[in-house]
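Residues per chain, in single letters:
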Amino acid sequence: IKGYSRISFNQFFGWKCSSMASIPLKLGDVAIGTAVIFKQAGKVEADELDLVEQQIVPRYFRAVNNAMLFTDLKRKEDSIEKAIEEQQHFLRFVSEVNNLTSVSSIYNLFCKEALRRFNFDFAGILMREGDQLVAKKNVILDDRYHDRLVEFEKFFDPAVTAYDATKQDGACLVAMDHNIH
């Protein structure tokens, strides 16, 4: 243990270790872990390493390997199930949109879907009407944003603020005119 860092030396010393050996855990030819053995009295001998490597590690490592494989497959299954759920929700959303007859209800559904899918706090639809950009629908995720929603709606009220759609002023107009986000 004399060749290790001061911290490792102190740990080994505190554990009263006189020797240590690491045995690679392999999946085929790829090492995916290490089994570490310590000995308090004497040196870890080659025959002891062989015994651990040939008899003990394979016996238990198969179970570890199977558990890791099962965990990976379960994660993939959960991912597929989530994708299927999301696809089904999206198909319901498309079906609802296709059945909508009012523009206002389409705006509302779009905003709510954006909030649900992307975990945003606020969504709004602004549309060009002549030379102005007009807020058509604004939706919040949580009532704690109500005051900000009211402020936003006041700002975009055409009677209060005319948002000139002919100027390259502000992110909304730049995004609309240049088709960028």
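Because the structure is a prediction, the values reported are computed rather than measured. (Residues numbered from 1 in each chain as written. Predicted model: local features only at pLDDT ≥ 70, side-chain atom pairs only at ≥ 80, totals over all residues. Heavy atoms only, no water.)

### Regarding unusual backbone geometry
For step 1, the next point in the chain: Positive phi, normally seen in glycine, also occurs at asparagine 119, with a value near 55°.
For step 2, the next point in the chain: Checked against the element boundaries, asparagine 119 lands in the loop between helix H3 (103-118) and strand E3 (122-129).
For step 3, the next point in the chain: Given the relative accessible area of 60%, asparagine 119 is considered exposed. (Helix = DSSP H or I, 4+ residues; strand = E, 2+ residues; numbered from the N terminus. Buried < 20%, exposed > 50% of the residue type's maximum accessible area, 1.4 Å probe, protein only.)

### Quick notes on the nonpolar core
The tendency in soluble globular proteins is for nonpolar side chains to be buried as a group.
For step 1, the next point in the chain: Residues Tyr107, Cys111, Ala114, Leu115, Ala123, Ile125 and Val139 constitute the largest nonpolar core, which totals seven residues.
For step 2, the next point in the chain: Examining the composition of this core, we find that four residues originate from one element, H3, more than from any other.
For step 3, the next point in the chain: Apart from residues no more than four positions distant in its own chain, alanine 123 is found in contact with Cys111, Ala114, Leu115, Lys137, Asn138 and Val139.
For step 4, the next point in the chain: With six residues, the next largest nonpolar core counts Ile23, Leu25, Ala35 and Val52 among its residues. (Core = buried A, V, L, I, M, F, W, Y, C linked by side-chain atoms within 4.5 Å. Contact = heavy atoms within 4.5 Å.)

### A short note on the environment of serine 19
For step 1, the next point in the chain: Here serine 19 is to be found in strand E1 (residues 19-27).
For step 2, the next point in the chain: Classification of serine 19 as buried rests on a relative accessible area of 11%.
For step 3, the next point in the chain: In the structure, serine 19 is positioned 24 residues away from lysine 43 in sequence and 5.3 Å away in space, judged by C-alpha atoms.
For step 4, the next point in the chain: A polar side-chain atom of serine 19 sits 3.0 Å from the main-chain carbonyl oxygen of glycine 42. (Polar contact = N/O pair within 3.5 Å; in protein donor to acceptor, adjacent residues only side chain to side chain.)

Function cannot be inferred from these measures alone, as they are strictly geometric.
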